[in-house]
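These are the residues of each chain, in order.
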Amino acid sequence: MKTIHNTKNCNYRRFLHKKLKQGKISGKFYKFICRSHPYRVTTRNISLIVREILDGKMTEDEGIALLQQDTTELKYQRELYKSNMECRNKISKPLLK
């Protein structure tokens, strides 16, 4: 899914981007979070897993696996993305008379 929020309008993405530039998280993990959660990055399970990865208690691959198991949140994110794209398409189409 394409992200709608970026580092300019989302504080948690800015925080993750800083950690990426400092080398505390990998680009693979950052990309996974931004692409699979385009709307709500600050859910409880994401912030807990990011905190454990930064503390060194969990590897990034384990964190990605745990986030992929949370199907309800991923399904919710997909539905939000789908409805947003439908609205954008409706708005962008010119009215034919």
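Preceding this paragraph is the structure being described.
Residues numbered from 1 in each chain as written. Predicted model: local features only at pLDDT ≥ 70, side-chain atom pairs only at ≥ 80, totals over all residues. Heavy atoms only, no water.

## Some points on the packing of aromatic side chains
Working step 1: On inspection of all chains with the given rule, the structure shows one aromatic pair.
Working step 2: Ring centres of Y12 and F15 lie 5.6 Å apart, and the angle between their planes is 35°; this geometry places the pair in the tilted category. Of this pair, Y12 and F15 both sit in helix α1 (residues 11-22), separated by three residues, roughly a single helical turn.
Working step 3: By relative accessible area, which is 31% here, F15 ends up partly exposed. (Phe/Tyr/Trp six-rings, centres within 6.5 Å; stacked < 30°, edge-to-face > 60°. Helix = DSSP H or I, 4+ residues; strand = E, 2+ residues; numbered from the N terminus. Buried < 20%, exposed > 50% of the residue type's maximum accessible area, 1.4 Å probe, protein only.)

## Thoughts on the environment of P38
Working step 1: Along the chain, P38 turns up in the loop between α2 (27-36) and α3 (44-55).
Working step 2: A relative accessible area of 0% means that P38 is categorised as buried.
Working step 3: With 39 residues separating them along the chain, P38 and Q77 place their C-alpha atoms 6.9 Å apart.

## Digging into the nonpolar core
Working step 1: The biggest cluster of nonpolar side chains holds 16 residues, and the ones touching the most others in it are L16, F29, I33, V50 and L67.
Working step 2: For this core, the secondary structure elements donating two or more residues are α1, α2, α3 and α4 (60-69).
Working step 3: In terms of residue count, the dominant contributor to this core is α2 (five residues).
Working step 4: Setting aside chain neighbours within four positions, we find L67 in contact with F29, F32, I33, N45, I46, I49 and L74. (Core = buried A, V, L, I, M, F, W, Y, C linked by side-chain atoms within 4.5 Å. Contact = heavy atoms within 4.5 Å.)

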